[in-house]
Amino acid sequence: MTAVDSLMLDAKQAIMEEHHRRFQTFQQEGRWEEALQQIHVTLSCAADLLNDSLRVLDEAIATHDSIPAGDATPPPTTTS
């Protein structure tokens, strides 16, 4: 995962959380029409975040699978 991917996912998560906060506020205030509209926006943001997360994961798997086995070094082991 690149730094750009990480920043993009963090930004999308922050946007989704803000929309969710707005939904909760509308719901608590009994503003049901606004809450209904806001939940659609929140779910759209969540779907976008999940799709981008899956894309990053797919790219990471593809990158890992393209590394020849001889080039991969195992992680260091620790003994206690």
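The shown structure was predicted, so the numbers you read here are calculated from the model rather than taken from an experiment.

(A) Spotlight on the packing of helix 1 (residues 3–28) against helix 2 (residues 32–66). Contact geometry for helix 1 and helix 2: axes closest at 8 Å, N-to-C directions at 160 degrees. Here helix 2 runs roughly antiparallel to helix 1, going by the angle between their axes. Along this stretch, helix 1 crosses helix 2, giving a crossing that reads as left-handed. Partitioned by chemical class, the residues of the contact of helix 1 with helix 2 number 14 nonpolar, 7 polar and 8 charged.

(B) The side chain of Asp 5, seen in detail. Along the chain, Asp 5 falls in helix 1. Discounting chain neighbours no more than four positions away, the residues touching Asp 5 are Arg 55, Val 56 and Glu 59.

(C) Local environment of the pattern of salt bridges. For the structure shown, the criterion picks out 8 salt bridges. Two residues, Asp 48 and Lys 12, come together in a salt bridge whose shortest N-O distance is 3.0 Å. Of this pair, Asp 48 sits in helix 2 while Lys 12 sits in helix 1, and the two are 36 residues apart along the sequence. A salt bridge links Glu 18 to Arg 22; the shortest N-O distance between them is 3.4 Å. Placement of the pair is Glu 18 and Arg 22 together in helix 1, with a separation of 4 residues, close to one helical turn. By relative accessible area, Glu 18 is classed as partly exposed at 30%.

(D) Local environment of the nonpolar core. The biggest cluster of nonpolar side chains holds 6 residues, and these are Leu 9, Met 16, Cys 45, Ala 46, Leu 49 and Val 56. Breaking this core down by element, the ones donating at least two residues are helix 1 and helix 2. With 4 residues, the top contributor of residues to this core is helix 2. Excluding residues that lie within four positions of it along the chain, Met 16 makes contacts with Thr 42, Cys 45, Ala 46 and Leu 49.

(E) Spatial organisation of helix 2. Over its 35 residues, helix 2 extends 50 Å from the first C-alpha to the last, a length consistent with the 51 Å expected when each residue adds 1.5 Å. Of all the residues in helix 2, the buried ones are Ala 35, Gln 38, Thr 42, Cys 45, Ala 46, Leu 49, Asp 52 and Val 56. Buried residues belonging to helix 2 abut helix 1.

What counts, and where the lines are drawn
- Residues numbered from 1 in each chain as written.
- Predicted model: local features only at pLDDT ≥ 70, side-chain atom pairs only at ≥ 80, totals over all residues.
- Heavy atoms only, no water.
- Axes fitted to C-alpha atoms, helices over the stretch in contact; angles between N-to-C directions.
- Helix = DSSP H or I, 4+ residues; strand = E, 2+ residues; numbered from the N terminus.
- Parallel < 35°, antiparallel > 145°, perpendicular 65-115°, else oblique.
- Left-handed = near helix turned anticlockwise from the far one by under 90°.
- Nonpolar A, V, L, I, M, F, W, Y, C, P; charged D, E, K, R; others polar.
- Contact = heavy atoms within 4.5 Å.
- Salt bridge = Lys/Arg side-chain N within 4 Å of Asp/Glu carboxyl O.
- Buried < 20%, exposed > 50% of the residue type's maximum accessible area, 1.4 Å probe, protein only.
- Core = buried A, V, L, I, M, F, W, Y, C linked by side-chain atoms within 4.5 Å.
- Expected span 1.5 Å × (residues − 1).

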